[in-house]
Amino acid sequence: LLRAHIQPFKNLGNPDEFDYEKFMYRKGFSGSAYISSTNWLKTGKRSGTIRANAMRLRAKILDVYKGFDLNDDAYSFISALTLGYKTDLSDDLKDAFRASGTSHVLAVSGLHVAIIYAVILLFFSFLGKRGRGLVFKQLLVLFCLWGYVFITGLPVSVVRAAIMLSLVSVGSILNKKCLTYNTLAVAAFFILIFNPLYLFDVGFQLSFAAVISILFFQPKFSKLYSPKTKVVDYIWSLFTVSLAAQLGVFPLVLYYFGAFPTYFFITNLLVLPFIAIIIYSAVLLTFFSLFSFLNLGFLHVISNMIAVFMQFLIKAVLNTV
């Protein structure tokens, strides 16, 4: 319970200044207030909203991460990478990712959701690829996928990716191809129905611009060269996807941030292959932690080995960036 006088946000009136008032309004805030220690009282009641429960669940997973014996940078990186929790990221780390063109790695986005989606699909693969087993599998996948979305705090890029992948799941049941411009349009439609002001959100604009650009440019780039080995094909695919995405966000990045990372194609080629392995390792360690109460020696040994391996990969990524 609190007593306060809420003041509307105001800009300072400087030339070409950031429009803080409009920015906060689009985020859903109309004002702020300072509350002294004598003007608020703790009720002891817990919020029962979906978002509050999701944040509590995320806090429990963060506690699991703390048990991995990771150093501060590694812990903050894996928290941002898998759960979208950026509070513990240092300014130096953020600046390094921003300058190298890999800041999208720190924001849970389509890449991360797709990896999590692949893990969930693999987990339920025993249910089969046709008939009732397929339908039941996809329903479980959708339940787990949207559970992950809620844990991350419902950022626009994650919701967009989740809607698209949900349509992919429905499409697999109906034997239809779903990763198209129409899928992207459906995602935008539902997000803007929920909150039309997301249209002015930088994250929304960057996310959709990147995916539109990938859908348009990547097939054209991939036809320019046909690799003869799987390794070269993988590297070429990474390069074309990264280049296509950057072409889409290039004008927006220049407009909003006044700078553009010129080494993005190098750092993305070096960093992205590690990201999937790190996320797989984090999911595996979190899964093993559910059985920690059994005190099984071999599980403890395997968990320690995975944690050491994951810390090595994170250190390699951070040093590269």
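Rules of the game
Per chain, residues are indexed from 1 in the order of the written sequence. A pLDDT threshold of at least 70 governs which residues receive local features in this predicted model, and a stricter bar of 80 or more applies before side-chain atom pairs are shown or counted, although totals over entire chains, interfaces and linings include all residues. To get the side-chain values, take all heavy atoms of the structure and skip hydrogens and water. Helix numbers and strand numbers start at the N terminus; a helix is a DSSP run of H or I with at least 4 residues, a strand a run of E with at least 2. Throughout, radius of gyration means the C-alpha value; the globule benchmark is 2.2 Å times the number of residues raised to the power 0.38. Each residue's exposure class comes from its accessible area (1.4 Å probe, protein chains only) as a fraction of the maximum for that residue type: buried when under 20%, exposed when over 50%, partly exposed otherwise. In plain words, nonpolar cores are sets of buried Ala, Val, Leu, Ile, Met, Phe, Trp, Tyr and Cys residues tied together by side-chain atoms within 4.5 Å. Contacts were defined at the residue level, with two residues in contact if any of their heavy atoms lie within 4.5 Å. Patches in this entry comprise residues that are over 30% relatively accessible and not in a salt bridge; like charges within 9 Å are linked, as are nonpolar side chains (Val, Leu, Ile, Met, Phe, Trp, Tyr) within 5 Å. Exposure was quantified through the Shrake-Rupley algorithm and a 1.4 Å probe, taking into account, for residues, occlusion by the shown protein chains and nothing else. In the sections that follow, a salt bridge refers to a side-chain nitrogen of Lys or Arg positioned within 4 Å of a carboxyl oxygen of Asp or Glu. Axes here refer to lines fitted to C-alpha atoms; in helices the fit is confined to the stretch in contact. Angles between the N-to-C directions go from 0 to 180 degrees. If an angle is under 35 degrees, it is roughly parallel; if it is over 145, roughly antiparallel; if it lies from 65 to 115, roughly perpendicular; otherwise it is oblique. Residues are grouped as follows: nonpolar covers Ala, Val, Leu, Ile, Met, Phe, Trp, Tyr, Cys and Pro; charged covers Asp, Glu, Lys and Arg; every other residue, Gly included, is treated as polar. Given the number of residues in a helix, its expected span is that number minus one, multiplied by 1.5 Å. Fitting axes to the seven residues ending at a residue and to the seven starting there, one defines the bend at that residue as the angle between these axes. Within this scheme the basic residues Lys and Arg register as positive and the acidic residues Asp and Glu register as negative, but His and the chain ends are omitted. Residues adjacent in sequence count toward polar contacts only when both atoms are side-chain atoms; beyond that, a polar contact is any pair of N or O atoms within 3.5 Å, and within protein one must be able to donate a hydrogen and the other to accept it.

Some words on the overall build of the protein chain
Along its length, the protein chain carries 12 helices and 2 strands. Secondary structure elements of the protein chain, listed N to C terminal, follow the sequence β-α-β-α-α-α-α-α-α-α-α-α-α-α. The globule rule puts the C-alpha radius of gyration for 321 residues at 20 Å, and the 22 Å found for the protein chain is close to it. Overall, the protein chain is about 65 × 55 × 45 Å in size when its C-alpha atoms are taken along their principal axes. Here the protein chain holds 321 residues, and 36% of them are scored as buried.

Focus: the nonpolar core
Core analysis: the largest hydrophobic core is formed by 63 residues, its most contacted members being Tyr 65, Phe 77, Ile 78, Ile 275, Ile 278 and Met 310. A per-element tally of this core places helix H11 (residues 264-289) first, with 9 residues. Those residues in contact with Ile 78 that sit more than four places away from it in its chain are Tyr 65, Leu 70, Leu 83, Ile 278, Ala 282, Met 310 and Ile 314.

What to know about a nonpolar patch on the surface
Together, Leu 224, Tyr 225, Val 231, Val 232, Tyr 234 and Ile 235 line one region of the surface with nonpolar side chains, adding up to about 600 Å² of accessible area. Of note, Val 232 is situated in helix H10 (residues 230-257).

Some remarks on the packing of helix H3 (residues 72-83) against helix H12 (residues 297-320)
Axis separation between H3 and H12 bottoms out at 10 Å; the angle between their running directions is 90°. Compared by their axis directions, H3 and H12 come out roughly perpendicular. Contacts between H3 and H12 pair Asp 73, Ala 74, Phe 77 and Ile 78 from the former with Met 310, Gln 311, Ile 314, Val 317 and Leu 318 from the latter. Along the lines of polarity and charge, the residues of the contact of H3 with H12 split into 7 nonpolar, 1 polar and 1 charged.

Observations regarding H11
End to end, H11 covers 36 Å across 26 residues, agreeing with the expected 38 Å (1.5 Å per residue, within 8%). Within H11, the axis deviates most sharply at Val 271, by approximately 30°, and proline Pro 273 lies no more than four positions further along.

A few points about the environment of Asn 39
Position of Asn 39 relative to the elements: it lies in the loop between strand E2 (31-32) and helix H2 (50-66). Put simply, Asn 39 and Leu 2 are 37 residues apart on the chain and 5.8 Å apart in space, counted from C-alpha to C-alpha. Contacts of Asn 39, omitting those with residues within four sequence positions, involve Leu 1, Leu 2 and Arg 3.

As for the side chain of Arg 58
One can find Arg 58 in helix H2. Of the side chains bearing the opposite charge, Asp 88 lies closest to the buried Arg 58, which forms no salt bridge; the N-O distance is 9.9 Å. Once residues within four sequence positions are removed from consideration, Arg 58 is found in contact with Leu 83, Gly 84, Tyr 85, Ile 151 and Thr 152.

Comments concerning the environment of Ser 237
Mapped onto the elements, Ser 237 comes out in helix H10. Take Ser 237: its relative accessible area is 28%, and that puts it in the partly exposed class. Linking Ser 237 and Asn 319, residues 82 residues apart in sequence, is a C-alpha distance of 24 Å. At 2.9 Å, the side chain of Ser 237 forms a polar contact with the backbone oxygen of Asp 233.

Examining helix H9 (residues 202-222)
In this model, H9 (21 residues) spans 29 Å end to end at C-alpha, consistent with the 30 Å of a helix rising 1.5 Å per residue. The sharpest bend along H9 comes to roughly 35°, located at Ile 214. Looking only at H9, the buried set comprises Phe 204, Gln 205, Ser 207, Phe 208, Ala 209, Ala 210, Val 211, Ser 213, Gln 218 and Phe 221. Among the structural elements, helix H7 (156-174), helix H8 (181-194) and H10 are those in contact with the buried residues of H9. At the N-terminal end of H9, a side-chain oxygen is found 3.0 Å from the backbone nitrogen of Gly 203, two or three residues along, and the residue is Asp 201.

Coordinates in, geometry out; function isn't part of it.
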